[in-house]
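Structure at a glance
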Amino acid sequence: MNIPSELKYTKDHEWVKIEGDVATVGVTDFAQSELGDIVYVEVETVDETLEREEVFGTVEAVKTVSDLFLPLSGEITEFNESLEDEPEKVNTDPYGEGWMIKIKISDTSEIDDLLSDADYKELVGTS
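Residues numbered from 1 in each chain as written. Predicted model: local features only at pLDDT ≥ 70, side-chain atom pairs only at ≥ 80, totals over all residues. Heavy atoms only, no water.

Turning our eyes to something else, we now look at the layout of surface pockets. Rolling a probe over the atoms, with the probe sized like a water molecule, indicates the empty space that remains. Estimated volume of the largest pocket: approximately 190 Å³. Every residue lining the largest pocket is counted, 14 residues in all, and those nearest its centre are T10, K11, E53, D113 and L114. A per-class count over the lining of the largest pocket returns 6 nonpolar, 1 polar and 7 charged. (1 Å grid on protein atoms, 1.4 Å probe; cavity = no way out; pocket = protein on both sides within 12 Å on 5 of 7 lines; lining within 4 Å. Points joined across faces, edges and corners; volume = space filled by probe spheres on them. Nonpolar A, V, L, I, M, F, W, Y, C, P; charged D, E, K, R; others polar.)

Right, dumping it as structure tokens:
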């Protein structure tokens, strides 16, 4: 199970890469493996400002549809449009080409509430 140490995580299995006041968000390797083959990613919240833990989109796999929860409050500034044609990138490269959104963070103090890689490993039972 790939859980990069430089990222932050949520209990809802999103990963977060912080660069200044911008966060890149995707779903973890654990999440994509639990979901199975991803066939569609929908994000219709670009240019919207949402609060932490609000639903920002959905991911559809062969066997289920799951909501995606915003890990930090802020404005969604970008959606990885390559996922419209190649949603399988979430399965093959969840921490790279499979990223989903970028957020302009509105409250950087919320970063402290995210999980470290060690905390996330404990959550998913791979510590």
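The subject of this paragraph is the UniProt feature "domain: Lipoyl-binding" (unreviewed entry) in the protein. Within this structure's numbering, the places UniProt gives as "domain: Lipoyl-binding" (unreviewed entry) are residues 22-104. This span, residues 22-104, is 18% helix and 42% strand, and a straight line between its end C-alpha atoms measures 5 Å. (UniProt positions renumbered as here; feature names shortened; annotations may be inferred. Helix = DSSP H or I, 4+ residues; strand = E, 2+ residues; numbered from the N terminus.)

A few words now on the nonpolar core. Core analysis: the biggest nonpolar cluster contains 26 residues, and V41, F56, M100 and I101 have the highest contact counts within it. Of all the elements in the fold, those that place two or more residues in this core are β3 (22-27), α1 (29-35), β4 (38-42), β6 (55-61), β8 (74-79) and β9 (101-105). Contact partners of M100, with chain neighbours within four places excluded, come to V25, G26, V27, V41, V59, L68, E78, F79, N80, L83 and V90. Within the second largest apolar cluster, 9 residues are counted, among which are I3, L7, F30 and Y120. (Core = buried A, V, L, I, M, F, W, Y, C linked by side-chain atoms within 4.5 Å. Buried < 20%, exposed > 50% of the residue type's maximum accessible area, 1.4 Å probe, protein only. Contact = heavy atoms within 4.5 Å.)

Okay, the pattern of salt bridges next. Under the counting rule described, the total for this entry stands at 6 salt bridges. Here D113 makes a salt bridge to R52, at a shortest N to O gap of 2.7 Å. Here D113 is found in the loop between β9 and α4 (117-124), whereas its partner R52 is found in the loop between β5 (49-50) and β6, with 61 residues between them in sequence. Classification of R52 as partly exposed rests on a relative accessible area of 32%. Salt-bridge contacts for E86 lead to K89; the nearest nitrogen and oxygen are separated by 3.6 Å. Put simply, E86, K89 and E97 are held in one network by salt bridges that share partners. (Salt bridge = Lys/Arg side-chain N within 4 Å of Asp/Glu carboxyl O.)

Along the chain, N80 falls in the loop between β8 and α2 (82-85). On the basis of relative accessibility, which here comes to 7%, the residue N80 falls in the buried class. Here N80 is in contact with E97, G98, W99 and M100, once residues within four sequence places are set aside.

Before going further, it helps to spend a moment on the packing of aromatic side chains. How two aromatic rings sit relative to each other is given by the distance of their centres and the angle of their planes. The tally for this structure, following the rule as stated, stands at 2 aromatic pairs. For the ring pair Y9 and Y120, a centre distance of 4.8 Å and an interplane angle of 15° mean the geometry is stacked. Of this pair, Y9 sits in strand β1 (residues 8-9) while Y120 sits in helix α4; the two residues are 111 residues apart in sequence, bridging distant segments of the chain. On the basis of relative accessibility, which here comes to 0%, the residue Y9 falls in the buried class. (Phe/Tyr/Trp six-rings, centres within 6.5 Å; stacked < 30°, edge-to-face > 60°.)

As a further point, take the UniProt feature "modified residue: N6-lipoyllysine" (unreviewed entry) in the protein. Here, the residues flagged by UniProt with the feature "modified residue: N6-lipoyllysine" (unreviewed entry) are K63. Excluding residues that lie within four positions of it along the chain, K63 makes contacts with E34 and L35.

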